[in-house]
Amino acid sequence: MDHSSEEDTDISESEIEEYGEQAYEKLKKGERELKASGEKYTCPYCPRKRKQDYLYKELLQHASGIGTGNSKKRRAREKANHLGLARYLENDMQNQASSSKPVDDKDPFSSCDHDEKFVWPWTGIVVNIPTQFKDGRYVGESGSKLRDELRARGFNPKRVHPLWNFKGHSGSAVVEFNKDWLGLNNALSFEKEYELNHHGKQHWQPKDTEKSGLYAWVARADDYNAPGIIGDHLRKIADLKTISEMTAEEARKTDKLVYNLTNVLENKKKSLQEMESRFKETSNSISQLAEEKDRLHQAYNEEIKKIQLSARDHFQKIFNDHAKLKLQLESEKSELDLRVQELEKREAHNESERKKLSEEIEKNAMRNSSLQHAAIVQQKADENVLKLAEEQKKEKEDLHKRILQLQNQLEAKQALELEIEQLKGKLNVMKHVGDEGDMEVIQKVDEMLKELREKEENLEEVESLNQTLIVKERMSNEELQEARKELINGLKDFSNRGNIGIKRMGELDSSVFQEACKKKYPEDIEEDKAAELCSLWDEYLRDPEWHPFRVVGVDGDHKEVIDETDEKLRSLKNEWGDDVYNAVATALKEINEYNPSGRYITTELWNNKEGRKATLQEGVSYILDKWKDHKRKRGMT
């Protein structure tokens, strides 16, 4: 047939499926001839190709490779025709093809040397894979793409491993097939396909010709033992075996399997015979039991009939008596129902009243108990607060009196010491000025000595009293500090936002560090950086060896001030600005004032409104006001 006019016109890619179906129908009708001779077939769509004789599987690989391939050199109509051919071979000629399922005992590997050593598992080698130099190394396409192309051509490889070295993709790959005879058949078909296209191993080895496209072959002993990346990889993943060795090993496994199956079969036969014997015995027993069952069943039925007749007469008599009793009971029941309804109404009314009364009693009891408890708690709290306020006020007045008394005693002591010194001076003058026989002078000296002794005795008494007052002042001061601590603990129950609150002396203000880090770091790390910076300077503050202070004279007195020339402080100010510097300086001053030895954070009663240390009276007044507000709110609720 002449189809040249039809094949001259091409089709679009979207029409491949439709024209493939048309080609399939023509092949079914016999418009194209495939059979060449025996088991050989020809491709009706490749008349000019050098290879004209194919086995069934080879022709199927040829048709599938062109029909499903992505080659741009193939026309769309050519792809459609081969797609229809592949479908026809799979659906209509599979049972007819002798090469797909051999029915004779001919060895499919007779053309191979059975003593030739192949790499096992059966492995193919692909070389001359295109690569590109990218980012300092060679890269190429993945092994899965080459595996899919080989599967589409009918070779069915398990996987493809591209080989890489320190330069990147080596341009070579190893194709792994199944370990069975079908895998060897696929590997040899894979090798033959490339040899027919002049891309086999013998075409790759000459170095004097230019190579293009992929070259491939089945790996054998020379590839296994060869130096280089291919040989190294093969020696890692596979062994060398001949077809004869594989056949002998398979025969050994088959003989062993047959032997095992024969033993199993013999055991099964023995078991079957035993089961048949037991079955016969069981069948006889069942037959005897069935006969005995039938006999017992017949006797049972006869006995049941007698019982049923007797029971029927008895039930009829009972039924008649029951009818009479039923009429009598119904009349009595109607009377009882009326009485029950009346009693239920009365009981429901009484129960409802009783529940209401009980609930009211429980509510009143709970309310009285809560009110009494609240009143007791409130009374105790008020008494404690008032008691604390009175005690603090009394202690403050006593302390004030003691301080005034101490001041007066100190002034008296100073005056007495001055007077003693003056008397000593006069006494010395009198000793040097008077004559030795001047009795008047001697008498005055004696009087002055006597007065001096009295003044010294008075001075000792004043010093003893002064020490007593100092001890009392220290005790009073300790009591005041304990009172301030108790007052601070009491303020913890209230908000720290009022006029009077609690301040942690020597603690860094973390918000200043956060604001500084916002200007310097990105949003996602600013909090971490602020925490790190705040923690670092907190460690500096707790270091007792770091004391950045200097002593200066202020109004005739000596005072410690921040040493602005300190290297750490100067670096902090230059890098993070005045706000962070002032926060650290404030914490330093507070630590130096309240805890210079321990250098840890202490709590202090603080006047938030005026920014100073609160007095004890201010703290007590604040707590009293809060308790009054709390008491007034509870009274309103």
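As the structure is a computational prediction, the values presented were derived from the model and not from experiment.

Caption draft 1: Focus on the confidence of the model for the protein. Per-chain confidence: the protein averages 77 in pLDDT, with 75% of residues scoring 70 or above. Overall, residues 1-5 carries pLDDT values under 50, and its contacts beyond four positions in sequence, including any with other chains, amount to three contacts. For residues 98-106, every residue scores under 50 in pLDDT, and the model assigns this stretch six contacts once sequence neighbours within four places are set aside.

Caption draft 2: Here's a closer look at the nonpolar core. Counting 23 residues, the largest nonpolar core has L508, F513, W537, L541, L569, V584 and L588 as the members making the most contacts within it. Put simply, the parts of the chain that give this core at least two residues each are helix 12 (510-520), helix 13 (526-542), helix 14 (567-576) and helix 15 (578-594). L569 has contacts with W537, W546, P548, I562, D563, Y581, V584 and L588, leaving out every residue within four places of it along the chain. One finds W122, I129, F155 and Y194 within the second-largest nonpolar core, a separate group that totals 21 residues.

Caption draft 3: Molecular detail of helix 12. All of the buried residues in helix 12 are V512, F513, A516 and C517. Summarising the axial view, the buried residues of helix 12 lie within an arc of 130°, below the 170-degree limit, and thus occupy one face. Taken together, the buried residues of helix 12 touch helix 13, helix 14 and helix 15.

Caption draft 4: Representation of the packing of helix 12 against helix 13 within the structure. Where helix 12 meets helix 13, the closest approach of the two axes is 8 Å, and the angle between their N-to-C directions is 130°. Comparing their axes, helix 13 and helix 12 come out oblique. Our pair here, helix 12 against helix 13, has a crossing hand that is right-handed. Contacts between helix 12 and helix 13 pair S510, F513, Q514, C517 and K518 from the former with E526, K529, A530, L533, C534 and W537 from the latter. When the residues that make up the contact of helix 12 with helix 13 are grouped by side-chain class, the tally is six nonpolar, two polar and three charged.

Caption draft 5: Layout of a negative patch on the surface. A contiguous patch of negative charge, built from D446, E447, E451, E454, E456, E457, E460 and E461, is present on the exposed surface. If you trace the backbone, E447 turns up in helix 11 (residues 439-491).

Cut-offs and rules
- Residues numbered from 1 in each chain as written.
- Predicted model: local features only at pLDDT ≥ 70, side-chain atom pairs only at ≥ 80, totals over all residues.
- Heavy atoms only, no water.
- pLDDT = per-residue confidence, 0-100.
- Contact = heavy atoms within 4.5 Å.
- Core = buried A, V, L, I, M, F, W, Y, C linked by side-chain atoms within 4.5 Å.
- Buried < 20%, exposed > 50% of the residue type's maximum accessible area, 1.4 Å probe, protein only.
- Helix = DSSP H or I, 4+ residues; strand = E, 2+ residues; numbered from the N terminus.
- Arc of directions from axis to C-beta.
- Axes fitted to C-alpha atoms, helices over the stretch in contact; angles between N-to-C directions.
- Parallel < 35°, antiparallel > 145°, perpendicular 65-115°, else oblique.
- Left-handed = near helix turned anticlockwise from the far one by under 90°.
- Nonpolar A, V, L, I, M, F, W, Y, C, P; charged D, E, K, R; others polar.
- Patch = residues over 30% accessible without salt bridge, like charges linked within 9 Å, V, L, I, M, F, W, Y side chains within 5 Å.
- Areas by Shrake-Rupley, 256 points an atom, 1.4 Å probe, with all protein chains shown as cover.
- Salt bridge = Lys/Arg side-chain N within 4 Å of Asp/Glu carboxyl O.
- Lys, Arg positive; Asp, Glu negative; His and termini not counted.
- Charge placed at Lys NZ, Arg CZ, Asp CG, Glu CD.

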